[in-house]
Amino acid sequence: NKYIRPSFKEVPKYIGFALLGLLVIALLAYAISKIKLHRKIRRMTPSERALRELVLLIGRQLPEKGLFKDFYVELTMVVRRYIERRYGIRAPEQTTEEFLAAAIGHAEFDSLSIAELKEFLMAADLVKFAGVSASVSSAAEATTKAKSYIESDALPTASRTGKEGIR
């Protein structure tokens, strides 16, 4: 049994098979990492997911790029998705008025929370739909309010005294 080298015509075929094999392995590794990340995110609490989304939004630096409308759309969606996950209110698909009406009818929202959410969402709507100018500092303030709301809302009900932010 003596080894016979492949001909020069067969070498590119073997290299192609090796590269194809490496590509398949890389795609499998990528798919597995995406599945693991997706499972990790699905296991997070609503507040953990919302705070993660907020960090990702801040990292995109939309206000610094002058994209205030896009930033406010995304910021309000973070809060709305949080409320949907936490309370089951279909906030992302509703207008601000429809959402507030649903929140008023929900037992877990108090009048102070609704008033502060209304103020936050209406201010964002002015930037998103009415063309009101925003600044980097106003975007940072809105982000702080959203983060404070999510963090304080995630606390047990007995711990929710003296909240700041949207509440």
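Residues numbered from 1 in each chain as written. Predicted model: local features only at pLDDT ≥ 70, side-chain atom pairs only at ≥ 80, totals over all residues. Heavy atoms only, no water.

**Points about unusual backbone geometry**
A negative phi angle characterises most non-glycine residues, just as the trans form characterises most peptide bonds.
At step 1: With a phi angle near 50°, Gln61 is a residue other than glycine that sits in the positive phi range.
At step 2: As for its position among the elements, Gln61 is in the loop between α2 (46-59) and α3 (68-87).
At step 3: Using a relative accessible area of 44% as the deciding quantity, one classes Gln61 as partly exposed. (Helix = DSSP H or I, 4+ residues; strand = E, 2+ residues; numbered from the N terminus. Buried < 20%, exposed > 50% of the residue type's maximum accessible area, 1.4 Å probe, protein only.)

**Some words on α2**
At step 1: In a regular helix each residue adds 1.5 Å, so 14 residues correspond to 20 Å; α2 covers 20 Å between its end C-alpha atoms and thus fits that length.
At step 2: Ser47, Ala50, Glu53, Leu54 and Leu57 are the residues of α2 that are buried. Angularly, the buried residues of α2 cover 125° about the axis, an arc narrow enough to put them on a single face. Of the exposed residues in α2, those oriented more than 90 degrees away from the buried face are Val55 and Gly59.
At step 3: Looking at the buried positions of α2, the neighbouring elements they touch are α3 and α6 (136-153).
At step 4: Among the residues trailing α2, Gln61 stands out with phi positive, at a value near 50°. (Expected span 1.5 Å × (residues − 1). Arc of directions from axis to C-beta. Contact = heavy atoms within 4.5 Å.)

**Observations regarding the side chain of Lys128**
At step 1: Within the fold, Lys128 resides in helix α5 (residues 111-129).
At step 2: Lys128 has contacts with Lys69, Tyr72, Val73 and Thr76, leaving out every residue within four places of it along the chain.

**A short note on the packing of α2 against α3**
At step 1: Contact geometry of α2 with α3 gives a least axis separation of 9 Å together with a crossing angle of 170°. One finds that α2 runs roughly antiparallel with respect to α3. Two secondary-structure elements touch here, α2 through Pro46, Ser47, Arg49, Ala50, Glu53, Leu54 and Leu57 and α3 through Phe71, Glu74, Leu75, Val78, Arg81, Tyr82, Arg85 and Arg86.
At step 2: Grouping the constituent residues of the contact of α2 with α3 by class yields eight nonpolar, one polar and six charged. (Axes fitted to C-alpha atoms, helices over the stretch in contact; angles between N-to-C directions. Parallel < 35°, antiparallel > 145°, perpendicular 65-115°, else oblique. Nonpolar A, V, L, I, M, F, W, Y, C, P; charged D, E, K, R; others polar.)

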